Amino acid sequence: EREFPRGMTGVTAIFSFYSEAIQRFVENRLSLETRRRIVKRAVDALAQAMAENKNEYLLVEQVHVLFDDILPSLANRERDLLTQLESEGMLTVEVTEDRDKGQTEAVRFTFQRFSDHVIASRLIDLHVDAANPAAAFMANGPLHPYVAESLVWKMAGVVEALAVQLPERFGVELPDLVPDGYPPYEIVEAFRDSLLWRAQQHFTKRTIELVSELLGEEEILPTLLHVATEPDNLFNGLHLHARLAALPMPERDAQWSIPIAVLDTDGHSPIWTLIDWAWSNGFDVIEDRRAELAGITLCWFLTTTCLLYTSRR
């Protein structure tokens, strides 16, 4: 495939598309019965072992045992799942230092963010009950270490992936599942990063409330601008338009025109992200709904004075 299907949004869907494409390719190459989902089972087993070890690396010999339990290779390179997945770029083998064995070979997923999401997905599959997601994160729950000081920094990428996948799968936000009061800094940052990585239909009123509670009122406007061109987000440019159009001009200037002029002063705000994107890509083929939302948002920037332009210069 040369491009993602039109309409695919959210990092979870993209990684799933990537993983399934590789799995189908390997199944076809090895003439495997597709109903048995052998390659997916191997990937799930690897992710589960990494999650249990709380480590993103696994020794080559451990991976061989895992994979041979699913599809015996009989030391045949052509049937070896590790060889096949390494050839497709999903896995990579690196030389690492082992405390007991010295230099040894270890396996990891090639792309770090993909690795984080595969491990997070496996943790959710194994431990999170759809009827009560919070139970897994309670003090004695299996996922409590991922929201406590013990693992939240070491497995920060997995924590961010949990912050993306939990709203998508269960409609709950990770900070709301922290049982020990105010979430630690790493959870707050994972939530912040999840805002743009998640499928945008799972950006809810509770999400906005948490932006205010955890990131501060001053972060609401930048967040709304970041998601303004997302067709599936309830708080996109149409929401912004309805909110601003209903305000008398003095109130709109106070709540919008002045704040976006101030927001722009560092030259790295979402305002210039949108303007630069439109300038660079505005003549390309763009999804109609996204183009409409970009146009609406760009028009609302015109309520400001030339302060916007002079700050850019």
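Our structure is the block above this text.
Caption draft 1: Just the packing of helix α2 (residues 38-53) against helix α5 (residues 112-127), in detail. Contact geometry for α2 and α5: axes closest at 9 Å, N-to-C directions at 85°. Accordingly, the angle class assigned to the pair α2 and α5 is roughly perpendicular. Residues Val-43, Asp-44, Ala-47, Gln-48, Met-50 and Ala-51 of α2 touch α5, and the partners they reach there are Val-118, Ile-119, Arg-122, Leu-123 and Leu-126. For the contact of α2 with α5, a count of residues per class yields eight nonpolar, one polar and two charged.

Caption draft 2: Quick look at the pattern of salt bridges. Considering all chains together, one arrives at 14 salt bridges under this definition. A salt bridge links Glu-88 to Arg-29, with the shortest nitrogen-to-oxygen separation between them at 2.8 Å. Taken together, the positions of Glu-88 in the loop between α4 (81-87) and β2 (91-98) and Arg-29 in helix α1 (residues 11-29) put the pair 59 residues apart, joining distant regions of the chain. Residue Arg-29 is classed as partly exposed on the basis of its relative accessible area, which comes to 37%. The shortest N-O distance in the salt bridge between Glu-173 and Arg-198 comes to 2.7 Å. Here Glu-173 is found in the loop between α6 (156-170) and α7 (185-197), whereas its partner Arg-198 is found in the loop between α7 and α8 (205-215), with 25 residues between them in sequence. Residue Glu-173 shares its accessibility class with Arg-198, and that shared class is buried. A network of salt bridges, in which partner residues are shared, links Asp-176, Arg-206, Glu-209 and Glu-213.

Reading guide: rules and limits
- Residues numbered from 1 in each chain as written.
- Predicted model: local features only at pLDDT ≥ 70, side-chain atom pairs only at ≥ 80, totals over all residues.
- Heavy atoms only, no water.
- Axes fitted to C-alpha atoms, helices over the stretch in contact; angles between N-to-C directions.
- Helix = DSSP H or I, 4+ residues; strand = E, 2+ residues; numbered from the N terminus.
- Parallel < 35°, antiparallel > 145°, perpendicular 65-115°, else oblique.
- Contact = heavy atoms within 4.5 Å.
- Nonpolar A, V, L, I, M, F, W, Y, C, P; charged D, E, K, R; others polar.
- Salt bridge = Lys/Arg side-chain N within 4 Å of Asp/Glu carboxyl O.
- Buried < 20%, exposed > 50% of the residue type's maximum accessible area, 1.4 Å probe, protein only.

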